[in-house]
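Analysis of the macromolecular model
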Amino acid sequence: NAGVMQNPRHLVRRRGQEARLRCSPMKGHSHVYWYRQLPEEGLKFMVYLQKENIIDESGMPKERFSAEFPKEGPSILRIQQVVRGDSAAYFCASSPRTRSGANVLTFGAGSRLTVL
Amino acid sequence: KQEVTQIPAALSVPEGENLVLNCSFTDSAIYNLQWFRQDPGKGLTSLLLIQSSQREQTSGRLNASLDKSSGRSTLYIAASQPGDSATYLCAVSFRETSYDKVIFGPGTSLSVIP
């Protein structure tokens, strides 16, 4: 079991470009969470997805950010027209949700976005 | 609003000292609480997980306690070593209507001086 896989590990973009971050959950996990960690800050919840469904996107900025978790393939966090303030580490976590309350998250190593 | 706070924000201790990191949360309706370690520029390493029905968990020199009624958890590190230097994050799984929402505290940055 390879764990939660995130790629790219490091991504550099110029202002106005698009950033796409990918997350493959652990085998058997059907729930994905995205968190953002700004420099010198803690992790902030962004979005929670199940296969083909966005359950809670209350932490997502209203514009330029979107997330999906298709039936096949990894979850994608997409940032359009990036700005310098988007520079951060983006962490993905997955869980199996075998039963209510057993929501133990396994985290990926993160994707570090730098906007020039 | 569900919030998680951690005190102190930063801590510097000499090697060998025992220390306590604190985590507070605003809502006692939780499923579990997890302590993570994060090294600079790295990902998260899970240290200890405490389910809401448990009072404490131990792993080696680490001991985490949970007092749900008062909304507090402590991480106790015995005989600290320079290799313990890192940021320690507390993450609380709150009960939501339809799913369990995990919220992180801001972290405590620990420096153990040789």
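Right above here is the structure, for reference.
In what follows, the accompanying structure is described. Since the model is a prediction, treat every value here as computed from it, not as a measurement.

When helices and strands are counted, chain B shows zero helices and eleven strands. In sequence order, chain B lays out its α and β elements as β-β-β-β-β-β-β-β-β-β-β. For chain B, the spread of C-alpha atoms along the three principal axes comes to 45 × 30 × 20 Å. Within the span of chain B, comprising 114 residues, buried residues form 44% of the whole. In chain B, 55% of the contacts between residues at least 6 apart in sequence involve partners at least 24 apart. Only carbon and sulfur atoms are counted for the fraction: they give 49% of the accessible area of chain B, which is about 5300 Å². Charge-centre separation for chain B: the mean point of 9 positive side chains lies 4 Å from the mean point of 10 negative side chains.

What tends to happen in soluble globular proteins is that the nonpolar side chains get buried as a cluster. Ranked by internal contacts, the top residues of the largest apolar core, which has 24 residues, are V4, F25, L33, W35, L75 and V92 of chain B. If you list the elements that add at least two residues to this core, you get β3 (19-25), β4 (30-38), β5 (44-51), β7 (62-67), β8 (72-77), β9 (86-95) and β11 (108-113) of chain B. The greatest single-element share of this core, amounting to five residues, is contributed by β9 of chain B. Apart from residues lying up to four places away in sequence, V92 of chain B is in contact with V4, F25, I30, N32, L33, K101, V102 and I103 of chain B. Core analysis: the second largest hydrophobic core is formed by 23 residues, A19, M46, V47 and F69 of chain A among them.

Moving on, we get to the pairing of strand β6 (residues 56-59) of chain B. All names here are of chain B. Strand direction decides the pairing type here: β6 and β7, joined by four bridges, are antiparallel. Paired with S59 across the strands is L62, a residue of β7. The antiparallel hairpin formed by β6 and β7 contains two residues in its connecting segment, where G60 sits at a positive phi of about 60°.

The next subject is the sheet that holds β6 of chain B. All names here are of chain B. Strand order in the open sheet formed by five strands is β1-β3-β8-β7-β6, with antiparallel pairing between adjacent strands. Every other strand in the sheet has two partners, leaving β1 (4-7) and β6 as the edge strands with one partner each. Looking at each pair of strands side by side, their axes are set apart by 15° on average, direction ignored.

Quick look at the packing of aromatic side chains now. The relative placement of two aromatic rings is captured by the distance of their centres and the angle of their planes. Following the criterion strictly, the structure yields seven aromatic pairs over all chains and no others. Seen from their ring centres, F107 of chain A and F104 of chain B are 5.5 Å apart, and the 80° between their planes marks the pair as edge-to-face. With F107 of chain A in strand β10 (residues 106-107) and F104 of chain B in strand β10 (residues 100-104), this pair bridges two chains. Neither F107 of chain A nor F104 of chain B differs from the other in exposure class; each is buried. Look at F36 of chain B and F104 of chain B: their rings are 5.6 Å apart centre to centre, the planes differ by 35°, and that puts the pair in the tilted class. Pair noted here: F36 of chain B is in strand β4 and F104 of chain B is in strand β10, with a separation of 68 residues, a long-range link. Here a set of aromatic residues connected by ring pairs shows up, and it is made of Y35, F45 and F107 of chain A together with F36 and F104 of chain B.

Moving on, we come to the interface of chain B and chain A. Taken together, the 21 residues of chain B in the interface contact 20 residues of chain A. When chain B packs against chain A, the two sides together hide about 1700 Å² of surface, and 51% of this comes from carbon and sulfur. Inspection of the chain B/chain A interface yields zero salt bridges. Counting across the interface, chain B meets chain A through four residue pairs in polar contact (both at pLDDT 80 or more). The dominant element in the side of chain B that touches chain A, judged by the number of residues it contributes, is β4 of chain B, at five residues. Each residue belonging to the side of chain B that touches chain A can be placed in one class, and the counts come to nine nonpolar, nine polar and three charged.

Cut-offs applied
Residues numbered from 1 in each chain as written. Chains lettered and ligands numbered in written order. Predicted model: local features only at pLDDT ≥ 70, side-chain atom pairs only at ≥ 80, totals over all residues. Heavy atoms only, no water. Helix = DSSP H or I, 4+ residues; strand = E, 2+ residues; numbered from the N terminus. Buried < 20%, exposed > 50% of the residue type's maximum accessible area, 1.4 Å probe, protein only. Contact = heavy atoms within 4.5 Å. Areas by Shrake-Rupley, 256 points an atom, 1.4 Å probe, with all protein chains shown as cover. Lys, Arg positive; Asp, Glu negative; His and termini not counted. Charge placed at Lys NZ, Arg CZ, Asp CG, Glu CD. Core = buried A, V, L, I, M, F, W, Y, C linked by side-chain atoms within 4.5 Å. Pairing = 2+ DSSP bridges. Axes fitted to C-alpha atoms, helices over the stretch in contact; angles between N-to-C directions. Phe/Tyr/Trp six-rings, centres within 6.5 Å; stacked < 30°, edge-to-face > 60°. Buried area = accessible area lost by both parts, 1.4 Å probe. Salt bridge = Lys/Arg side-chain N within 4 Å of Asp/Glu carboxyl O. Polar contact = N/O pair within 3.5 Å; in protein donor to acceptor, adjacent residues only side chain to side chain. Nonpolar A, V, L, I, M, F, W, Y, C, P; charged D, E, K, R; others polar.

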